[in-house]
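Chain by chain, the residues:
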Amino acid sequence: MPTPATTGIRRRIMMAFAAACAAIAAFTVIVIQFQLGAVDRGAQVEARNLARSVAYSAALGSEHLQQYVEGLHHLYGRDIVIVDAQKRGLADADPTELGHVFDHDSANEVGGTIKDGQVRSFVERNSNHPDGAKQITVPLYQGGDVHAPIVGAVILEYTQIYAELLDATVWQIYSVGGVGLLCVLLVGLLGVKLGNSLLHRLQEQKAAAQQIEYLAFHDKLTGLSNRGMFSRMLEQGLQEAKRYNRQLGVFFVDLDRFKNINDTLGHQAGDLLLQEMATRLKSCLRESDCIARLGGDEFVIMVPSLNGAEPLAVIAQKILASISRAFTLRDHEFHVTASIGISVYPTDGDDERVLMKNADIAMYRSKEDGKNTFTFYSAALNTHSVERLAFESSLRRALDAQQFQVHYQPKVDGHTSQMTGVEALLRWNHPDLGLVSPAKFIPVAEENGLIVSIGRWVLTTACQQHVAWRDLGYSPLSMSVNLSARQFYDEHLLSDVRSILAQTGMEATFLELEITESMLMRDVNKATKVLVEFKKLGIRLSLDDFGTGYSSLSNLRRFPIDTIKVDRSFVRELPANEEDRAITDAIIAMGKSLKMTIVAEGVETQGQIEFLRSHECDEFQGFYFSKAVPAAAIADLLRVQPWVNLNDGAQVWGVEGVFPDSTPMPIV
């Protein structure tokens, strides 16, 4: 029979257990509410953007509003209402409501939006929606101009959007609830610790996702904007300059003799220099100015809201003085200079392409004038264009003159060390210029359309080589070939691929085509159709440079992708860099959840291999194993399979002196 003392101890233990269980349960409820709130906020953002798009379209084409709204309702099941300034129905998915005053907003949210232009959300409850329908209302501006008067509002039901997002995340909510319940049943105090651990993990993944999004628009090395973000900012700056009749300056800044430091002290020293130069450049600018790194040692700057071009010369002089200050690195003092080209809107062009091109031309004149100076663009500088035409002419002849070569970089299985495939990489051996960097000729080929015929030749050559290896009795490898953006959207691409496979006799299942997310997002519907046709042929599809573009789980689900490649920028500082560890882990987890093959690019150290292998990365590619080498060198590697373990690295794989360019560059 229990004594009062033991009863009291038992009661206290049970109370402590109950308190711990209550805390875990409360924490679980909070996390679920947070997730539900996030779903609701995400649904509101998507609904708001859709409603604004409808409002803009309605403002531009008011003659057929009812047909437009009924069409959207028929195609997408969206319940949309368009009202005038008195809240009378101008168009409605339910035609019987036309002309009636919209009074389903209990707090007059629609009237408030018409009055002040603020987006509002509310829940509509009536006989048609007894459980309540989530609604969002946005202002309807006259002519679609946000500075024009508000003439009405668009009301869009987003209950379905919320339900779809909720369905996509319901497993997460169930998981949190299940973990909480399990902890309550087993032990309260341990449950609290597990809950904190889970929350920390979610925060890490969220931070990694935010970092991926950040890197989509910023240069990872310097933290500056990248080309994509700069294009957006420049477009906005040009619109404002046109609206207020002002001038705008574009600077093209190229560091002089940067390659000497890179070659002398290595890429790490070069990176430190670039970071310092980025800091100095920013210090010379106003907050309203925009600076971006294009790549390598090239920077671009936009200086908006000018009443004249005179301040541009002052800024250029400040930049030259700042950059030329001594820079100490590894006990060595360096003096770096820059060459600057400047173009001015509207004198030198009225769009991004022309202004960037003319600033580039002016920069090259600064190089020719001895460097460490700046040059304003003028029509007289177009002699540079003649040199560009000569380069393009050489590029056009290169294919017929058999100056192009295809090299192949191996990919290896992360567990067995066996070569699983190769990536075909383009090289140009110019008779006068020698080896021309792909970074120089690929953009030119992309711009003038030569990339389509060059890409077709690369694909044909790669398929022929694959068949040749097969006929020699070597184990079959996957053959990865890059598609450029222009080639991907070429109307003859599918017929070209079918024809090449038929002519060469290559089996489609061994061909893997590499594309980038930015290419796919340019025209999602068309891209999806092309990818589906490739899959029908049995071709594998790989998403290259993953993590540097629009990387998201929703995008991966949208396209029939087999492989994602972790960009070398995330691999380079593994395992030391905490951010890179988190991002790489998130990308691998994302791909694994969709049963995709994960390939890490730019693998160069044993530490990187150990980290990637411990996180279940499927394949590796990088200098640790081999540079991009000619086909004959790949045949040599195939003859010595199986290889010893990866610890022997380049000693097993190395083919020294085959190709002096240490940077493997694909054709895109």
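Residues numbered from 1 in each chain as written. Predicted model: local features only at pLDDT ≥ 70, side-chain atom pairs only at ≥ 80, totals over all residues. Heavy atoms only, no water.

A look at the packing of aromatic side chains
Here's step 1: For the structure shown, the criterion picks out 10 aromatic pairs.
Here's step 2: Relative to W428, the ring of F404 has its centre 6.0 Å away and its plane inclined at 50°; by these criteria the two rings are tilted. Pair noted here: F404 is in strand β13 (residues 404-413) and W428 is in strand β14 (residues 419-430), with a separation of 24 residues, a long-range link. Like W428, F404 is buried. (Phe/Tyr/Trp six-rings, centres within 6.5 Å; stacked < 30°, edge-to-face > 60°. Helix = DSSP H or I, 4+ residues; strand = E, 2+ residues; numbered from the N terminus. Buried < 20%, exposed > 50% of the residue type's maximum accessible area, 1.4 Å probe, protein only.)

Describing the nonpolar core
Here's step 1: Judged by nonpolar contacts, the single largest core of 87 residues is most densely connected at W469, F488, F534 and L612.
Here's step 2: Ranked by residue count, the leading element in this core is helix α13 (residues 450-471), at 10 residues. (Core = buried A, V, L, I, M, F, W, Y, C linked by side-chain atoms within 4.5 Å.)

Considerations on the side chain of K367
Here's step 1: Position of K367 relative to the elements: it lies in helix α10 (residues 352-368).
Here's step 2: In this structure K367 comes out as buried when scored by relative accessible area, which is 18%.
Here's step 3: Setting aside chain neighbours within four positions, we find K367 in contact with D254, L255, D256 and S339. (Contact = heavy atoms within 4.5 Å.)

What to know about the sheet that holds strand β3 (residues 120-124)
Where strands meet in a sheet, backbone hydrogen bonds hold them as pairs that are either parallel or antiparallel.
Here's step 1: Pairing is antiparallel across the open sheet formed by five strands, whose spatial order is β2-β1-β5-β4-β3. The sheet terminates laterally at β2 (89-92) and β3, the two strands that pair on one side only. Across the sheet, the mean angle from the axis of one strand to that of its neighbour is 25°, orientation sign disregarded.
Here's step 2: Pairing of β3 with strand β4 (residues 133-141), which is carried by five bridges, proceeds in the antiparallel orientation. (Pairing = 2+ DSSP bridges. Axes fitted to C-alpha atoms, helices over the stretch in contact; angles between N-to-C directions.)

Re the environment of A321
Here's step 1: Note on placement: A321 falls in helix α9 (residues 310-323).
Here's step 2: In this structure, the C-alpha to C-alpha distance between A321 and N372, residues 51 residues apart in sequence, is 9.2 Å.

Here's the deal with the packing of helix α6 (residues 227-244) against α10
Here's step 1: Their axes nearest at 10 Å, the elements α6 and α10 cross at an angle of 110°. Overall, the two elements α6 and α10 adopt an arrangement that is roughly perpendicular. Crossing handedness for the pair α6 and α10: right-handed. Where α6 abuts α10, its residues R227, F230, S231, L234 and L238 lie against E352, L355 and M356.
Here's step 2: Classifying every residue of the contact of α6 with α10 by side-chain character gives five nonpolar, one polar and two charged. (Parallel < 35°, antiparallel > 145°, perpendicular 65-115°, else oblique. Left-handed = near helix turned anticlockwise from the far one by under 90°. Nonpolar A, V, L, I, M, F, W, Y, C, P; charged D, E, K, R; others polar.)

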